[in-house]
Amino acid sequence: MDLAGTSQDTPRAGEPLSLGEIVENGLCIGCGLCRSIAGAGRVEMVMTPEGRERPVATEVLDRQTLVTINAVCPGTRIAGPPPAQMSDGALSDTVWGPVERLVLGRAGDPTVRFVGSGGGVLTALGQFLLSTGRVKFVLHISASRSQPMRNERRLSFDAVSMLEGAGSRYGPAATLMDFGDVLDRGQPFALIAKPCDITAVRNLARLDRRVDQYMRYALAFVCGGASDLSKSEQVLQRFGLAEDELTLFRYRGHGNPGLNRIETKDGRAFELTYRQLWEDEDKWMIQPRCKICPDAIGQVADIAVHDAWLNGGPAMEDEPLNSIIVRTSRGLDLFDAAVEAGTLEVKRETSIAEISELQSHQVRKRRAVWARLKGMAIAGRPVPYVTDLALADCAAQNSMAENLAEGRGARDRARRGRLGEPPAAPRVGKGDKQLKDELR
Ligand SMILES: Cc1cc2nc3c(=O)[nH]c(=O)nc-3n(C[C@H](O)[C@H](O)[C@H](O)COP(=O)(O)OP(=O)(O)OC[C@H]3O[C@@H](n4cnc5c(N)ncnc54)[C@H](O)[C@@H]3O)c2cc1C
Ligand code: SF4
Ligand code: SF4
């Protein structure tokens, strides 16, 4: 395995950022790949007081390890899709990136489309990959069995396990914390994850050829940002609950969008609608890295899936539905086979214009990120090394005044330290067992 990395890929030419610098400059999303690279024992993921999973080095990391981490970390290097992944006929939109096929659809199985977050498309595709033997397992996440408000990475080998992981989990998720072990299995697999997780793995593919050898498919959801665990803790406070009372914390799914449902060990149940959960934007507690995310729309995935609330937002109970962006030739082959088998149902074709309306926040972010990164750089902050994501072209769709406002806003927030984070440290005041679990 060649994990050398190159120092040209780091935000600071020649000198890699330390893990502390990545975290404190607000570039970390807590994917866990650095832990996998450095090795458990040298880097551990901890839950911080802010409710973020962050890496902490337990010893001084040598320069070569840091160069490698900087080359793979989705906070320091963010590359767009290689053109070779697309067929000649594919469309490439400035904002939305590569598109082989764009449809509204859902899972064919009524249980999957009910339990799934929107229309259950990602779960259905995972099940299809397993049942057809295209992969041996799927790497994704699910609610932790012991702490159901938290997430843990899951390897699913069958349809039942895929379904257990269905649903959007808005809190922290260190999907890649033992990705080296996943590769060591030497078996074909698929990854279903956030776009930034897939960015990290695509970065690693340049250094470790086993990624392309074994990771047959990478499927993403379009992502508005991951919340701090504190967001979920606020929900518990609202009901006067403590985390150790819970047996279930579901954000959504069991309908589209379905209810945020909490169940306790003594048999009580509490529910919030999707609108109640997200009504106050000041309390979304989205992680800093998400605010400068150049690819929250999963351009590096084979297929990216998103919500399709055709009436402009979720009602109490919408029809189960997703918008499906097929991005690569490999993704198209999978999509066609899944439709042919009845695993996916297509409602109708959609268009860039329609998804831009359904996902207007994503369009605004794609157009804003170039200026935000410039503003951070002017404030002297390190910024990710971004390639092939047409950020300047997206910004050119804004007026000069809009770009100036974005750039100045980011510069000023960066100068005031508002785009950064405190140094990563585990929460204090916890029982020994919980701290031990967090330092696992
Ligand atoms: C943090 C977050 C932000 C999102 N923001 C948007 C948005 O702005 N616009 C939009 O249209 N849709 C957004 N979604 C996606 C949307 O909620 C649906 O998940 C998506 O439409 C796929 O629906 P589905 O029914 O196919 O998913 P399902 O069939 O339910 O499958 C979801 C899959 O995603 C995996 N997963 C869930 N949460 C995470 C996580 N945090 N990290 C890694 N993997 C995870 C699960 O393991 C599961 O395999 C977001 C989802 C999340 C988790
Ligand atoms: S984003 Fe991932 S690889 Fe980068 S520092 Fe955070 S946990 Fe490590
Ligand atoms: S917005 Fe971007 S950085 Fe944040 S969780 Fe989503 S893909 Fe990752």
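Computed from a predicted structure; not experimentally measured. (Residues numbered from 1 in each chain as written. Chains lettered and ligands numbered in written order. Predicted model: local features only at pLDDT ≥ 70, side-chain atom pairs only at ≥ 80, totals over all residues. Heavy atoms only, no water.)

**Q** Give a description of the domain arrangement of the chain that names residues and reports values.
**A** Under the domain assignment, the chain is made up of domain 1 (97-227 + 288-361), domain 2 (229-283) and domain 3 (363-414). A C-alpha centroid distance of 27 Å is found between domain 1 and domain 3. Taken together, the contact pairs 14 residues of domain 1 with twelve residues of domain 3. Between domain 1 and domain 3, a total of about 1100 Å² is buried, with carbon and sulfur atoms accounting for 58% of that surface. Of all residues in domain 1, the largest losses of buried area upon contact with domain 3 belong to Ile 292, Pro 294 and His 361, amounting jointly to 47% of the total for that side. Counting every contact that joins domain 1 to domain 3 gives zero salt bridges. For the pair domain 1 and domain 3, the interface holds eight residue pairs in polar contact (both at pLDDT 80 or more). When grouped by side-chain class, the residues that make up the side of domain 1 that touches domain 3 number six nonpolar, six polar and two charged. (Domains from an automatic or database assignment. Contact = heavy atoms within 4.5 Å. Buried area = accessible area lost by both parts, 1.4 Å probe. Salt bridge = Lys/Arg side-chain N within 4 Å of Asp/Glu carboxyl O. Polar contact = N/O pair within 3.5 Å; in protein donor to acceptor, adjacent residues only side chain to side chain. Nonpolar A, V, L, I, M, F, W, Y, C, P; charged D, E, K, R; others polar.)

**Q** Please provide a residue-by-residue account of the confidence of the model for the chain, values included.
**A** Summing up the model confidence of the chain, the mean pLDDT is 93 and the portion of residues at 70 or higher is 94%. Here residues 1-8 is a poorly scored stretch, pLDDT under 50, and it has 22 contacts once near neighbours within four places are set aside; other chains count. (pLDDT = per-residue confidence, 0-100.)

**Q** Tell me what's going on with unusual backbone geometry, and back it up with residues and numbers.
**A** Omega for the peptide link from Asn 256 to Pro 257 comes to 0°, which places this bond in the cis form. Within the secondary structure, Pro 257 is located in strand S12 (residues 256-257). For Met 285, which is not a glycine, the phi torsion comes out positive at approximately 55°. Assignment of secondary structure puts Met 285 in the loop between helix H11 (274-278) and helix H12 (288-291). Taking relative accessible area as the criterion, Met 285 reaches 25% and is therefore assigned partly exposed. The phi angle at Asp 388 is positive, at roughly 60°, despite the residue not being glycine. Summarising the element assignment, Asp 388 is placed in the loop between strand S19 (385-387) and helix H16 (391-395). (Helix = DSSP H or I, 4+ residues; strand = E, 2+ residues; numbered from the N terminus. Buried < 20%, exposed > 50% of the residue type's maximum accessible area, 1.4 Å probe, protein only.)

**Q** Quick rundown of the side chain of Gln 359? Include the residues and the values.
**A** With respect to the helices and strands, the residue Gln 359 is situated in the loop between helix H14 (352-358) and helix H15 (360-378). A residue is classified by how much of its surface remains accessible, and Gln 359, at 6% relative accessible area, is buried. Leave out the neighbours within four places in its chain, and Gln 359 touches Trp 96, Val 222, His 306 and Asp 307.

**Q** With reference to specific residues and values, describe H15.
**A** With 19 residues, H15 should reach 27 Å at 1.5 Å per residue; the first-to-last C-alpha distance of 28 Å fits that figure. Bending of H15 peaks at approximately 40° at the position of Ala 368. Gln 362, Val 363, Lys 365, Arg 366, Ala 368, Val 369, Ala 371, Arg 372, Leu 373, Gly 375 and Met 376 are the residues of H15 that are buried. Contacts from the buried residues of H15 go to H12, H14, S19, H16 and helix H17 (400-415). Phi for Gly 380, located one or two positions after H15, is positive at around 85°. (Expected span 1.5 Å × (residues − 1). Bend = angle between axes of the 7 residues up to and from the residue.)

**Q** Could you give an account of the site of ligand 3, naming the residues involved and the relevant values?
**A** As a matter of local geometry, ligand 3 sits amid Ile 29, Lys 194, Pro 195, Cys 196, Cys 223, Gly 225, Ala 226, Arg 289, Cys 290, Cys 293 and Lys 365. Of all elements in the fold, only helix H8 (195-205) and H12 reach the threshold of two or more residues within the shell around ligand 3. Counted by class, the shell around ligand 3 contains seven nonpolar, one polar and three charged residues. (Near = heavy atom within 4 Å.)

**Q** Can you break down the pattern of salt bridges residue by residue, with the values?
**A** All told, the structure shown has 30 salt bridges when counted by the stated rule. For the salt bridge of Glu 44 with Arg 35, the shortest nitrogen-to-oxygen distance reads 3.4 Å. Judged by its relative accessible area of 9%, Glu 44 falls in the buried class. Classification of Arg 35 as buried rests on a relative accessible area of 11%. The network of salt bridges with shared partners includes Arg 52, Arg 54, Asp 228 and Glu 421.

**Q** Outline the site of ligand 1, listing residues and values.
**A** Neighbouring ligand 1 are 35 residues, the closest being Thr 123, Ile 141, Gly 167, Ser 168 and Gly 224. Between ligand 1 and the protein, one listed contact pairs an oxygen atom with a backbone N or O atom of Gly 118 at 2.7 Å. In this structure, Arg 169 approaches ligand 1 through a main-chain N or O atom, which is 2.7 Å from a nitrogen atom. For ligand 1, whose free accessible area comes to 910 Å², the fraction covered by protein is 98%. For the shell around ligand 1, the elements supplying multiple residues, two or more each, are helix H5 (121-131), strand S7 (137-143), strand S9 (189-193), strand S15 (303-307) and H15. Class assignment for the residues of the shell around ligand 1 results in twelve nonpolar, 18 polar and five charged. (Areas by Shrake-Rupley, 256 points an atom, 1.4 Å probe, with all protein chains shown as cover.)

**Q** For the sheet that holds strand S17 (residues 322-326), give the residues involved together with the corresponding values.
**A** Think of a sheet as strands paired side by side through backbone hydrogen bonds, with each pair either parallel or antiparallel. Ordered by their spatial adjacency, eight strands build an open sheet running S8-S7-S9-S10-S15-S17-S6-S18, and the pairing between neighbours is mixed. Each edge of the open sheet is held by one strand with a lone partner, namely strand S8 (151-156) and strand S18 (344-349). In this sheet, neighbouring strand axes are inclined to one another by 30° on average, regardless of whether the strands run parallel or antiparallel. Summarising the sheet, strand S6 (residues 101-107) and S18 pair through five bridges and their orientation is antiparallel. (Pairing = 2+ DSSP bridges. Axes fitted to C-alpha atoms, helices over the stretch in contact; angles between N-to-C directions.)

**Q** Let's hear about the packing of H15 against H17: which residues, and what values?
**A** Contact pair H15 / H17: the axes reach a minimum separation of 7 Å and the direction vectors enclose 40°. Taken together, the axes of H15 and H17 are oblique relative to one another. Read as a crossing pair, H15 and H17 show a hand that is right-handed. Here H15 contributes Arg 367, Ala 368, Ala 371, Arg 372, Gly 375, Met 376 and Ile 378 to the contact with H17, which in turn contributes Asn 403, Glu 406, Gly 407, Ala 410, Arg 411, Ala 414 and Arg 415. (Parallel < 35°, antiparallel > 145°, perpendicular 65-115°, else oblique. Left-handed = near helix turned anticlockwise from the far one by under 90°.)

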